[in-house]
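Coordinates in review
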Amino acid sequence: MAPPSAVPGADEPWGLVDDGGLLVEDGMLRWVGPCHALPPELAERIAQQVALEGALVTPGLIDCHTHLVYGGHRAREFELRLCGASYEDIARAGGGIRATVTATRVATDAALYRAAADRAATLMAEGVTTIEIKSGYGLSEEHEARCLRVARRIARQLPVTVRTTALAAHAVPHEYAERPDAYIDAACQWLTRWQGEGLVDAVDAFCDQIAFTPAQVQRLFEAARALGLPVKLHAEQLSNQHGAALAAHFGALSCDHLEHLDDAGVAAMAQAGTVAVLLPGAYYFLRETRCPPVAALRAAGVPIALATDHNPGSAPGLSLLLMLNMACTFFRLTPEEALRGVTVHAARALGLGATHGMLRAGAAADFVLWNVGSPAELAYWFGCNPCLRVVRAGVETHQGAPS
Ligand code: DI6
Ligand code: FE
């Protein structure tokens, strides 16, 4: 089990507990530890016992950065990039995010829901019990709200915890061409109404040369702060805009991507307790060569999380386990760091650090049984799914193929 710091044995590498047991009550973990240490007064309360049969148990995995709700796909742009066009060239020519905005606006609510729910189910089959879902392909008050409602509907209809993030500041839509400041003003107004409808858990923006400037992001973050909404930022992905330091100044939950992060950004994040969310799927799919500064993040004690960044342009993958493998091979994370990156640190990136991503008393009873003998195997195998069983809020939600 990893990484339950309040549990006997948790000082072991990975926080592993031998012959461990979990006591579940009302969807929460009531007790976690080696079975022989279960206090008798708790043993008396056991109504039903389930054998874990020697399987490795981890917290439910958390995909803390996805763009699951969108229409269409961008396979044609993939072909163009293979012929030499860059991601930025395509975006500047009106493709990229804006192409997906067009496809999203014409899609029905039902079609958006069906596609996003299927994507969520694919993630969940690999042990994901919590997903962050961003808007960002509607780019108008109506269409962003539609996407956020789809995300909320996923939480109601599938056994998964969802955190929604409003990413209206993903790109400038054509109605606001050449008027990004006016677009940011509008987006600040929308936030108030979306929050009134209970659609938003956090606010995000894309800070880059092809997106929004730090000054524009700052205005959006001020509006979020006035509403009491936490912020996060797509920062230093394609260039260094010093967005991470700005986000840290606003106490951001996370800064995400970070290939171009500099030392000052690292220091600001460390001071603010902001999580670094690394997205190796986008790094891979865009054939980036510059890695995020993992050694500097580590040295500064910045918590590192990993996510799929699932989106149709830069990361069309739906395997969080593959991100563990890629984070180790590309970014040289250790397998233990990678697992913490999709559990305890991912929870923190969503403001769920007190209740999710850990196996300890008081946390949500979200856990996964794996058909592996050691936790490093979760980062080692790729292209296969060793997930045996998934329990979310104390209820079994998934059984993998029998081994
Ligand atoms: N960075 C990304 O990698 C995604 N969004 C962002 O801000 C890409 C989104 C897309 O290309 O559709
Ligand atoms: Fe993203």
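Residues numbered from 1 in each chain as written. Chains lettered and ligands numbered in written order. Predicted model: local features only at pLDDT ≥ 70, side-chain atom pairs only at ≥ 80, totals over all residues. Heavy atoms only, no water.

Quick notes on the state of the cysteines
Formally: Count a disulfide wherever a pair of cysteine sulfur atoms falls within 2.5 Å. Working definition: with a 1.4 Å probe on protein chains only, accessible area under 20% of the residue-type maximum means buried, over 50% means exposed, and in between means partly exposed.
Tallied over the full model, the rule gives zero disulfides. Here Cys255 is not disulfide-linked; the sulfur of Cys207 is the nearest cysteine sulfur, at 9.6 Å. By relative accessible area, Cys255 is classed as buried at 0%. Free cysteine Cys291: the closest other cysteine sulfur is in Cys328, separated by 13 Å.

Thoughts on the domain arrangement of the protein chain
Just so we agree on the cut-off: In this entry, domain limits derive from an automatic or database-based domain assignment. The criterion used for residue contact is that any of the two residues' heavy atoms lie within 4.5 Å. Any carboxyl oxygen of Asp or Glu within 4 Å of a side-chain nitrogen of Lys or Arg constitutes a salt bridge here. Polar contacts here mean pairs of N or O atoms no more than 3.5 Å apart (in protein, one a potential hydrogen donor and the other a potential acceptor; neighbouring residues in sequence count only if both atoms are side-chain atoms). Strands are runs of DSSP state E lasting at least 2 residues, helices are runs of H or I lasting at least 4, and numbering of each runs from the N terminus. Asp, Glu, Lys and Arg are counted as charged, while Ala, Val, Leu, Ile, Met, Phe, Trp, Tyr, Cys and Pro are counted as nonpolar; the rest, among them Gly, fall into the polar class.
We note that the domain assignment places domain 1 (20–59 + 358–399) and domain 2 (61–349) within the protein chain. Between domain 1 and domain 2, the C-alpha centre-to-centre distance is 30 Å. The interface of domain 1 with domain 2 comprises 21 residues on the first partner and 19 residues on the second. Inspection of the region where domain 1 meets domain 2 yields zero salt bridges. Summed over the shared surface of domain 1 and domain 2, the result is six residue pairs in polar contact (both at pLDDT 80 or more). Listing elements by their share of the side of domain 1 that touches domain 2, those giving two or more residues are β3 (56–59), β12 (367–370), α16 (377–380), β13 (387–392) and β14 (395–399). Element by element, the count of residues in the side of domain 1 that touches domain 2 is highest for β13, at four residues. Here the residues of the side of domain 1 that touches domain 2 are counted per class, giving 15 nonpolar, four polar and two charged.

Considerations on the coordination of the iron ion (ligand 2)
Going by this rule: Keep in mind that water is not among the atoms, so a site may look incomplete; donors are the N, O and S atoms within 2.8 Å of the metal, or 3.2 Å for Na, K and Ca.
The protein atoms that coordinate the iron ion (ligand 2) are His65 (NE2), His67 (NE2), His234 (NE2) and Asp309 (OD), at distances spanning 2.1 to 2.2 Å. The sequence pattern formed by the donor residues of the iron ion (ligand 2) is H-x1-H-x166-H-x74-D. With His65 in the loop between β4 (61–63) and α2 (75–82) and Asp309 in the loop between β11 (304–306) and α13 (320–331), the pair connects residues that are 244 residues apart, well separated along the chain.

Considering the nonpolar core
Counted only if it meets this: Definition of nonpolar core: a set of buried residues of the types Ala, Val, Leu, Ile, Met, Phe, Trp, Tyr and Cys, connected through side-chain atoms within 4.5 Å.
If you look at the biggest cluster of nonpolar residues, it comprises 103 residues, and the most contacted ones within it are Ile154, Trp194, Leu258, Leu278 and Trp370. Among the domains, domain 1 (20–59 + 358–399) and domain 2 (61–349) are the pair contributing at least three residues each to this core. Leave out the neighbours within four places in its chain, and Leu258 touches Ala235, Glu236, Gln237, Ala244, Met269, Ala276, Val277, Leu278, Pro292 and Pro293. Membership of the second largest hydrophobic core comes to twelve residues, among which are Val275, Leu279, Ala305 and Ala349.

Topic: the sheet that holds β4
Note the following rule: Pairing between strands requires that DSSP locate at least two bridges from one strand to the other. Between N-to-C directions, angles span 0 to 180 degrees; the directions come from axes that are lines fitted to C-alpha atoms, helices contributing only their stretch in contact.
Ordered in space as β4-β5-β6-β7, the four strands form an open sheet in which the pairing is parallel. Looking at which strands have only one partner, the edges of the open sheet turn out to be β4 and β7 (202–205). Averaged over all pairs of adjacent strands, the angle between strand axes in this sheet comes to 25 degrees, irrespective of strand direction. Here β4 runs beside strand β5 (residues 128–134); their pairing, made up of three bridges, is parallel. Its bridge partner being in β5, Asp63 is matched across the sheet by Ile131. Lying on the sheet, helix α6 (residues 141–157) is in contact with β5 and β6 (161–169); it crosses β6 at an angle near 170 degrees.

As for the sheet that holds β12
Spatial ordering of the open sheet is given by β3-β12-β13-β14, a layout of four strands whose pairing is antiparallel. A strand with exactly one partner marks an edge of an open sheet, and here the two such strands are β3 and β14. Each neighbouring strand pair of the sheet contributes to a mean axis angle of 25 degrees, computed without reference to strand direction. Both β12 and β13 contribute to a ladder of four bridges, which runs antiparallel. Each bridged residue has a counterpart across the sheet, and for Leu369 the counterpart in β13 is Arg389.

A look at the side chain of Glu132
Tracing the backbone through its elements, the reader meets Glu132 in strand β5. Owing to a relative accessible area of 0%, Glu132 belongs among the buried residues under this scheme.

Digging into the packing of aromatic side chains
Here is the rule: Side-chain rings of Phe, Tyr and Trp (the six-membered ring for Trp) are treated as a pair once their centres are within 6.5 Å; stacked means planes under 30 degrees apart, edge-to-face means over 60, and tilted covers the remaining angles.
Under the criterion given, the structure shown has eleven aromatic pairs. Judged by centre distance (6.1 Å) and plane angle (20 degrees), the rings of Tyr183 and Phe212 are stacked. You can see Tyr183 sitting in helix α7 (residues 180–196) and its partner Phe212 sitting in the loop between β7 and α8 (214–226), a full 29 residues away along the chain. The residues Tyr183 and Phe212 share a single accessibility class, namely buried. Summarising the aromatic geometry, the rings of Trp190 and Trp194 are spaced 5.9 Å apart at their centres and angled 45 degrees between planes, so their arrangement reads as tilted.

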